[in-house]
Amino acid sequence: MHRLIIDTDPGVDDAHAILMALAHPDASVEAITVVGGNVGLEHTGPNALKILDVAGADVPVYRGAASSLVLPGENAASVHGADGLGDAGLPASQRTFEAEHAANALVRLANAEPGELSLIAIGPLTNLALAVRLDPDLPSKFKKLVVMGGAIHSRGNTSTASAEFNIFADPEAAHVVFSTWPRLTLVSWETTLAHGFSLDVVQRFFDLGTPKAEFFRKTNEKLIAYVTEVLGRGMLFAPDGLAMAVALEPAIVRHAELKPVSIELHGRHTRGQTVVDWLSRGGAPANVEIVLEVDTQRFIELMELGLR
Ligand code: BDR
Ligand code: CA
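Keep in mind that this is a model prediction, so the values were computed, not measured. (Residues numbered from 1 in each chain as written. Chains lettered and ligands numbered in written order. Predicted model: local features only at pLDDT ≥ 70, side-chain atom pairs only at ≥ 80, totals over all residues. Heavy atoms only, no water.)

Student: It is not clear to me how the pairing of strand E6 (residues 184-187) should be interpreted in this structure. Could you clarify?
Tutor: Regular strands show a simple pattern: their side chains alternate between the two faces of the sheet. Of the two faces of E6, the one holding Leu-184 and Leu-186 and the one holding Thr-185 and Val-187 are both buried throughout. Where strand E5 (residues 144-148) and E6 come together, 3 bridges link them in parallel fashion. Bridge pairing in E6 places Val-147 opposite Leu-186. (Buried < 20%, exposed > 50% of the residue type's maximum accessible area, 1.4 Å probe, protein only. Helix = DSSP H or I, 4+ residues; strand = E, 2+ residues; numbered from the N terminus. Pairing = 2+ DSSP bridges.)

The structure is reproduced here in structure tokens:
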């Protein structure tokens, strides 16, 4: 059984990832910690509650950082909608947040049961950075950390061409996490691009005919139109769903490489870049298991599982 804490900035693809985890028979989602990212915390927080409404699941939700540690980042409202869930007009939830800050909750939960909980981070890493500064031994108290983030070959998706959104949104936080966690698993933007869905597959998701599939259709409509305009062809990418699939079923990974990875903080053109020492020449310890390929068929099945 995977006992998970999900740190997230919902986010259209975050929503699907959370639904996948909640539906998985071998997973128990024990807490959701929310961070500002795709849009502000005033949206990402309530979005987490709305997703629990869709799933019909009761999970404590903790709000965390509303802004990045040092410099303001950019948001992704052009991709996820001004409300972060595709401007689909979803009703507000009646659920409430826990009073505790997300960073404090991460520290408390990990210390209550060291080595039992796995952490999956699918937003900017601000909450994790704050938590590890509160408790420097935190990395050893989580069983595993899976991060969706990074552009391992510098093919990014932000205004800094070589940086991926979750890292670029708070590079200092990413630096804190990558330099304190002795080992983490990374699902990058390029690996996401290599596992995109054609519109035929997306139509199969829509056609499942469940309330969750309807939620998926409504929240993804604008995102698919955006991707189609940018790429010139219809595709759907699910970065956070892919990271969740890796967290839930590590055996889905077909090819991964363990390499030293650091975060560029200063480059004029490269701030937020995940710098991979592919030849391990620099002498830094190999801290990141970089996922390069997964079993596509199983990934599709897990995406469907979240929508049934
Ligand atoms: C990541 O950035 C966000 O827009 C997505 O939710 C995902 O976590 C992809 O670069
Ligand atoms: Ca996200």
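Student: Any chance you could explain the coordination of the calcium ion (ligand 2) here in plain terms?
Tutor: Ideal donor angles around a metal are set by the shape: a four-donor tetrahedron calls for 109.5 degrees, a six-donor octahedron for 90 or 180 degrees. Around the calcium ion (ligand 2), the protein supplies Asp-9 (OD), Asp-14 (OD), Asp-14 (OD), Ile-122 (O) and Asp-240 (OD) as donor atoms, at distances of 2.2 to 2.6 Å. One chain supplies every donor to the calcium ion (ligand 2), and in sequence these donors are spaced D-x4-D-x107-I-x117-D. Here the residue Asp-14 occupies a position in helix H1 (residues 12-23), and Ile-122 occupies one in the loop between strand E4 (118-121) and helix H5 (126-134), the gap between them amounting to 108 residues. Here Asp-14 falls in the buried class, since its relative accessible area comes to 0%. Residue classification places Ile-122 among the buried positions, given a relative accessible area of 1%. (Donors = N, O, S within 2.8 Å, 3.2 Å for Na, K, Ca; no water.)

Student: Even after reading the chapter, I still don't get the packing of aromatic side chains, so can you show me in this structure?
Tutor: Aromatic ring pairs are reported here in terms of the distance separating the ring centres and the angle at which the planes meet. One pass over the structure, following the stated rule, counts 5 aromatic pairs. Here Phe-205 and Phe-216 contribute two aromatic rings whose centre-to-centre distance is 5.8 Å and whose plane-to-plane angle is 80°, an arrangement assigned as edge-to-face. Highlighted residues: Phe-205 in helix H10 (residues 199-206) and Phe-216 in helix H11 (residues 211-231), separated in sequence by 11 residues. Pair check on accessibility: Phe-205 and Phe-216 agree, each one buried. Seen from their ring centres, Phe-206 and Phe-216 are 5.8 Å apart, and the 55° between their planes marks the pair as tilted. Pair noted here: Phe-206 is in helix H10 and Phe-216 is in helix H11, with a separation of 10 residues, a long-range link. Here the two residues Phe-206 and Phe-216 agree in accessibility, since each one is buried. Chaining the aromatic ring pairs together yields one cluster made of Phe-197, Phe-205, Phe-206, Phe-216 and Phe-299. (Phe/Tyr/Trp six-rings, centres within 6.5 Å; stacked < 30°, edge-to-face > 60°.)

Student: Looking at this structure, how should I read helix H4 (residues 102-112)?
Tutor: In an α-helix there are 3.6 residues to a turn, and that puts residues three or four apart on one side. Here H4 has its buried residues at Ala-102, Ala-103, Ala-105, Leu-106, Val-107, Leu-109 and Ala-110. Structurally, H4 contributes buried residues whose contacts are with strand E1 (2-8), strand E2 (27-34), strand E3 (61-63), E4, H5 and helix H6 (138-141). (Contact = heavy atoms within 4.5 Å.)

Student: Explain the site of ligand 1 to me, please; I cannot follow it from the model alone.
Tutor: Inspection of the region around ligand 1 gives 13 residues, with Asp-13, Asn-38, Asn-157, Glu-164 and Asp-240 positioned closest. Between an oxygen atom of ligand 1 and a side-chain N or O atom of His-80, the distance comes to 2.9 Å. One nitrogen or oxygen atom from the side chain of Asn-157 is found 2.9 Å from an oxygen atom belonging to ligand 1. Considering ligand 1 on its own, with 280 Å² of exposed area, one finds that the protein chains cover 95% of that surface. When its residues are assigned to classes, the shell around ligand 1 shows 5 nonpolar, 4 polar and 4 charged. (Near = heavy atom within 4 Å. Polar contact = N/O pair within 3.5 Å; in protein donor to acceptor, adjacent residues only side chain to side chain. Areas by Shrake-Rupley, 256 points an atom, 1.4 Å probe, with all protein chains shown as cover. Nonpolar A, V, L, I, M, F, W, Y, C, P; charged D, E, K, R; others polar.)

Student: Can you help me understand the packing of H5 against helix H8 (residues 171-180) in this one?
Tutor: To describe two helices that pack against each other, one gives the angle between their axes and the distance between the axes. One way to put it is that H5 packs onto H8 with a least axis distance of 8 Å and a crossing angle of 55°. Here H5 is positioned oblique relative to H8, judged by the angle of their axes. Crossing handedness for the pair H5 and H8: left-handed. Taking contact as the criterion, the partners of Thr-126, Leu-128, Ala-129, Val-132 and Arg-133 in H5 are, on H8, Ala-173, Val-176, Val-177 and Thr-180. Considering only residue class, the contact of H5 with H8 consists of 6 nonpolar, 2 polar and 1 charged. (Axes fitted to C-alpha atoms, helices over the stretch in contact; angles between N-to-C directions. Parallel < 35°, antiparallel > 145°, perpendicular 65-115°, else oblique. Left-handed = near helix turned anticlockwise from the far one by under 90°.)

Student: How should the sheet that holds E4 be read in this particular structure?
Tutor: Pairing within the open sheet is mixed, and its 8 strands lie in the order E3-E2-E1-E4-E5-E6-E12-E9. Each having just a single partner strand, E3 and strand E9 (253-259) make up the two edges of the open sheet. For this sheet the average axis-to-axis angle between neighbouring strands, irrespective of direction, equals 25°. Two strands pair when backbone bridges link them, and E2 and E3 are joined in this way by 3 bridges, in the parallel orientation. Considered in E3, the bridge of Val-34 is made with Arg-63.

Student: Hey, could you run me through the nonpolar core in this one?
Tutor: The tendency in soluble globular proteins is for nonpolar side chains to be buried as a group. The biggest cluster of nonpolar side chains holds 59 residues, and the ones touching the most others in it are Ile-6, Ile-32, Ile-120, Phe-197, Phe-205, Met-244 and Phe-299. The residues touching Met-244, leaving out its near neighbours within four places in the chain, are Leu-4, Ile-6, Ala-17, Met-20, Ala-21 and Ile-120. Formed by 38 residues, the second largest nonpolar core is a distinct cluster that contains Ala-102, Val-147, Trp-181 and Ile-290. (Core = buried A, V, L, I, M, F, W, Y, C linked by side-chain atoms within 4.5 Å.)

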